[in-house]
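# Structural description and commentary
Residue strings, one per chain:
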Amino acid sequence: MKNLKKMDKEVYAALAGEIKRQAEGLEMIASENYVSTAVLEALGTVFTNKYSEGYPGNRYYGGQEYTDIVETIAINRAKKIFGCDHVNVQPHSGAPANMIAYSAVLKPGDKILGMDLSHGGHLTHGHPVTLSAKIYKFVRYKTDTKGKIDYDALEKLALKEKPQMILAGFSAYTRNLNYKRFRQIANKVNAILMIDIAHIAGLIAGKAIPNPVPYFDIVTTTTHKTLRGPRGGMIMCKAKYATAIDKSAFPGFQGGPHMNNIAAKAVAFSEALKPEFKKYAQQIILNAKTLEKELKSYGFKIMFGGTDNHMVLVDVFGSKGVTGKEAEIALDKIGITINKNMIPDDSRSPMDPSGVRIGTPALTTRGMKEAEVKKIANWINAAIENHKDKKVLDIIRKEVIKLCKKFPLNR
Ligand code: DSN
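Heads up: these notes are all about the structure in this document. (Residues numbered from 1 in each chain as written. Predicted model: local features only at pLDDT ≥ 70, side-chain atom pairs only at ≥ 80, totals over all residues. Heavy atoms only, no water.)

## Section: the pattern of salt bridges
- A complete count under the given rule lists 20 salt bridges for this structure.
- Between Arg-175 and Asp-308 there is a salt bridge, with its nearest N and O atoms 3.1 Å apart. Linking Arg-175 in the loop between β7 (165–169) and α8 (179–189) with Asp-308 in the loop between β11 (301–302) and β12 (311–315), this pair joins segments that are 133 residues apart in sequence. You'll find Arg-175 and Asp-308 in the same group, each marked buried.
- Of the charged contacts in the structure, one is a salt bridge between Lys-320 and Glu-385, with a shortest N-O distance of 2.6 Å. Placement of the pair is Lys-320 in helix α13 (residues 316–320) and Glu-385 in helix α16 (residues 370–385), with a sequence separation of 65 residues.
- One network of salt bridges, with partners in common, ties together Asp-152, Glu-155, Arg-181 and Lys-188. (Salt bridge = Lys/Arg side-chain N within 4 Å of Asp/Glu carboxyl O. Helix = DSSP H or I, 4+ residues; strand = E, 2+ residues; numbered from the N terminus. Buried < 20%, exposed > 50% of the residue type's maximum accessible area, 1.4 Å probe, protein only.)

## Some details on the packing of aromatic side chains
- Applying the stated criterion to the full structure yields twelve aromatic pairs.
- Aromatic side chains Tyr-102 and Phe-138 sit 5.8 Å apart centroid to centroid with 70° between the ring planes, which places their arrangement in the edge-to-face category. Taken together, the residues Tyr-102 in helix α5 (residues 94–105) and Phe-138 in strand β6 (residues 137–141) connect sequence positions 36 residues apart. Per residue, the accessibility class of Tyr-102 equals that of Phe-138, and both read buried.
- Of the aromatic side chains, those joined through ring pairs into one cluster are Tyr-141, Tyr-151, Tyr-179, Phe-182, Tyr-215 and Phe-216.
- Here the guanidinium or amino end of Lys-320 rests over the ring plane of Phe-300, the centre of that ring lying 4.7 Å away.
- Directly above the aromatic system of Phe-317 lies the positively charged group of Arg-348, at a separation of 4.6 Å from the ring centroid. (Phe/Tyr/Trp six-rings, centres within 6.5 Å; stacked < 30°, edge-to-face > 60°. Lys NZ or Arg CZ within 6 Å of the ring centre and 35° of its normal.)

## Observations regarding the site of the ligand
- Residues in close proximity to the ligand include Ser-31, His-122, Ser-171, His-199, Lys-225 and Arg-357, which together make up its full environment.
- Ser-31 places a polar side-chain atom, nitrogen or oxygen, 2.6 Å from an oxygen atom of the ligand.
- Here an oxygen atom of the ligand sits 2.7 Å away from a polar atom, N or O, in the side chain of His-199.
- Taken by itself the ligand offers 230 Å² of open surface, and the protein chains cover 62% of this.
- Of all the cavities here, the one that holds the ligand is the second largest pocket.
- When the residues that make up the shell around the ligand are grouped by side-chain class, the tally is no nonpolar, four polar and two charged. (Near = heavy atom within 4 Å. Polar contact = N/O pair within 3.5 Å; in protein donor to acceptor, adjacent residues only side chain to side chain. Areas by Shrake-Rupley, 256 points an atom, 1.4 Å probe, with all protein chains shown as cover. 1 Å grid on protein atoms, 1.4 Å probe; cavity = no way out; pocket = protein on both sides within 12 Å on 5 of 7 lines; lining within 4 Å. Sits in = over half its atoms within 2 Å of the grid points. Nonpolar A, V, L, I, M, F, W, Y, C, P; charged D, E, K, R; others polar.)

## Remarks on the nonpolar core
- Grouped together as the largest cluster of nonpolar side chains are 64 residues, with contacts concentrated most on Phe-82, Ile-166, Leu-177, Phe-182, Ile-197 and Met-236.
- The element contributing the most residues to this core is helix α11 (residues 259–272), with eight residues.
- If we ignore the near neighbours within four places in the chain, the residues touching Phe-82 are Ile-197, Ala-201, Ile-204, Ala-205, Asn-211, Val-213, Leu-227, Met-234 and Met-236. (Core = buried A, V, L, I, M, F, W, Y, C linked by side-chain atoms within 4.5 Å. Contact = heavy atoms within 4.5 Å.)

## Some details on the sheet that holds β7
- Pairing is mixed across the open sheet formed by seven strands, whose spatial order is β4-β10-β9-β8-β7-β5-β6. If you trace the sheet from one side to the other, it starts and ends with β4 (86–88) and β6, each paired once. Adjacent strand axes in the sheet meet at a mean angle of 20°, parallel and antiparallel pairs treated alike.
- Here five bridges tie β7 to strand β8 (residues 192–196), and the two strands are oriented parallel to one another. Directly across from Ala-168, in β8, lies its bridge partner Ile-195.
- Against the sheet, α5 contacts β5 (111–115), β6, β7, β8, β9 (218–222) and β10 (233–237), and its axis sits at roughly 165° relative to β9. (Pairing = 2+ DSSP bridges. Axes fitted to C-alpha atoms, helices over the stretch in contact; angles between N-to-C directions.)

## Digging into a nonpolar patch on the surface
- Taken together, Tyr-51, Tyr-60 and Tyr-61 make up a surface patch of nonpolar side chains, about 400 Å² in accessible area.
- Note that Tyr-61 resides in the loop between β3 (58–59) and α4 (65–82). (Patch = residues over 30% accessible without salt bridge, like charges linked within 9 Å, V, L, I, M, F, W, Y side chains within 5 Å.)

## Considering α8
- Among the residues making up α8, those that are buried are Tyr-179, Arg-181, Phe-182, Arg-183, Ile-185, Ala-186 and Val-189.
- The inward-facing, buried residues of α8 contact β6, α7 (151–161), β7 and β8.
- Once α8 ends, the next one or two residues include Asn-190, with phi positive near 60°.

Quick look at the structure:
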C-alpha cells in the first residue's frame, strides 16, 4: 500500500491500526469473518470505476463486456452452491436485500409474520425503528420457554393474522429451523415464504446444516458472515419471482451495482465450492458447541438451550451479575471482540442488555479448533468474573496476543 501511505497518511494510519487490531485480537462477533487475500484483491480493483445498471446482457450503459462476465460467474456459482432457480447478486447488503425482497412481492400495508428481535430475529424483520415497519405491518412470533419455536403456536398465529408473508431467519437464534413446518404453515394461509439466511449461509454452503432453498419462495442473505465473502447481499428465489426481485433491486431500490463487490462475491463463491469449505463449516459448529459446553461448565446460562450453529447467546447478567455492556468492555480489554445482545424478553435496555452473543466463524478461519476454544472460554470466564481487575485483564491480554500470533491471518 505504498501509494496510500504516501498520499494519505491519516487513512493509512487508521488502516495500519485496524490491520494490527485484527491480527492481534480474537474476532468473536458472530456476524464477522476474515476474507481471503484473493477476495480482498478482487475488492480493490478497477471494477469500482464502472456503472452497470441493469443485468448481464441488458445494461443501460456501454462498456460491459467484463462486468457481464464477473456478474454471470457470481450468479452461476451461487446457483451451484445453493441450488436455487434464480439469483440476484446486486444487493449492497443484507438490510437492502430484505427491503428489496419485501417490496418485490408485497404492497404497503401488507402483513408479515417475523421473529421478535429479542428472541433472535433481526431489526429488518419488523422492528418499529426501521423503514420496513413503517411500510408493512409486522406481527412477531417468539420462542417458547425452552428456547424453541413453537410451530403449533406459529400456525395458530398465522391462521389468526392471515399474513401475506411468513418470514424465517435470525441474527441471534442458535437452533436449526424446521423448514418443512414453515412451508406447511405458509401453504395453509397462502402466504409467501421468505427466509433470511445471512448468519448461516456459509454453514448451508458447507452442507453443515440443512439447505432451506427448496422450501422457501425467497431467500435473502449477506455474503460476509459465515459465507466469508465481501460485505454485500444476495437474493435467491423461485423462478416465478425472478422478474419481480430483479426489478425491485434495480430500478426499484438501488442504482448501479458495486461491481468490485460482485467480483469479490464471485471469488468467495468459488472458495465456498471447494471441499475445504465443508470442513470449515463443520469446524465452526464444533467450535461453537465446544464454547457452549465450556461456558456452561463455568456456570454461564446459555439461551435457547444450546446451539446448532456458529454462535451462543449467553445470559451474563443472570449468570454472573455482570451486564452485557460490562462484559463487552471487559472482553475488549483482553482483545476478544463480541457484542452485547438482548436475551428473550430482556428486562434490561438494548444498550446495556443482559446478554452477549459470541460466535466462532472468524477464529475458525484462522485455523483454531476445540483446544483453542477451551482456552478462550477460560479467558472469557476469567475476564467477566474479574471485569474490574486491570491486572488480571492485562495478563489475559498477553495470552490472547500469543495465541493470535500462532494463528496468523494471511492465508
Ligand atoms: N449486524 C449483523 C449482526 O451482527 O447480526 C446483522 O445485521
